[in-house]
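For reference, the chains in residue letters:
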Amino acid sequence: MPIEQALSGEMLRTRPEITWKYLYQIESACREAGHNEAHQALVELQASREVCVLTQNIDGFHTAAGSSNVIEIHGCFDQLQCMGCGATQHVLNYAGLAVPPRCVACGQIRRPKVVLFGEMLPVEAINRLHNELAKGFDLIISIGTTSVFPYIAEPVIQASRQGVPTIEINPGKTEVSAYVALRIRERAAVVLPQLVHAYKHKNASSQFSEWRQCRSGH
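Notes on the structure follow. Just so it is clear, the structure is predicted and the values come from calculations on it, not from any experiment.

Some thoughts on the pattern of salt bridges
Oppositely charged side chains can form a pair if their charged atoms are brought close together. Under the counting rule described, the total for this entry stands at 7 salt bridges. Note that Lys135 is salt-bridged to Glu50, the shortest N-O span being 3.9 Å. Placement of Lys135 in helix H6 (residues 123-135) and of Glu50 in the loop between helix H4 (37-45) and strand S1 (53-55) is noted, with a sequence separation of 85 residues between them. Relative accessible area serves as the criterion here: at 66%, Glu50 is assigned to the exposed category. A salt bridge links Lys135 to Glu132; the nearest nitrogen and oxygen atoms lie 3.5 Å apart. With a gap of 3 residues between them, Lys135 and Glu132 both fall in helix H6, about one helical turn apart. For Glu132, a relative accessible area of 10% gives the class buried. Connected through shared salt-bridge partners, Glu50, Glu132 and Lys135 make up one network.

So this is what it looks like as structure tokens:
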């Protein structure tokens, strides 16, 4: 069964045991993972700059690391919601959950508050993104994403067209690679702490020019 079918909203409604089988396997495989130096670098940056983090990941690592302004456009795995009465519950992980889990209040199936295939993005997250974009940014960094979703790529592309400094940190080529002013082909955990350190200690625009001049072939 294609993963797009197994992890779809339709499958969850009709065969929740199938969707939850895969959800449980994915969560358990990633259970020991946590935030890294890249997440921590963004937390460090927000101490002296206003930072907004837009993420399509559902792992909650940005919030766990300490970022305060995070838009989880696809939701987060640690919030479960009853498909019957709507009751919500925060969980650390899925260990010990029945597959599929049921609501203790009404007995209906519970689901993670994440966007499955074929489902709409959460309105609240979209509104927050629009509000942040309306404020404007002096620097946009695309970090470790293929940018295949338009709502992930478009802020980078629009900023590039408007002359706002744009950086991509990614070992591979992505949908926004042709648009960014500076492309750094490296892992975020390696390079982002260095960039944040430089950004904190120099004017953003002048530092950006230096990065372009000293990128050493990246």
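Still more to cover.
Some remarks on the side chain of Ser147
Mapped onto the elements, Ser147 comes out in the loop between strand S6 (140-143) and helix H7 (150-161). Classification of Ser147 by relative accessible area gives buried; the value is 2%. Once residues within four sequence positions are removed from consideration, Ser147 is found in contact with Ser142, Ile152, Ala153, Glu175 and Val176.

Thresholds applied
Residues numbered from 1 in each chain as written. Predicted model: local features only at pLDDT ≥ 70, side-chain atom pairs only at ≥ 80, totals over all residues. Heavy atoms only, no water. Salt bridge = Lys/Arg side-chain N within 4 Å of Asp/Glu carboxyl O. Helix = DSSP H or I, 4+ residues; strand = E, 2+ residues; numbered from the N terminus. Buried < 20%, exposed > 50% of the residue type's maximum accessible area, 1.4 Å probe, protein only. Contact = heavy atoms within 4.5 Å.

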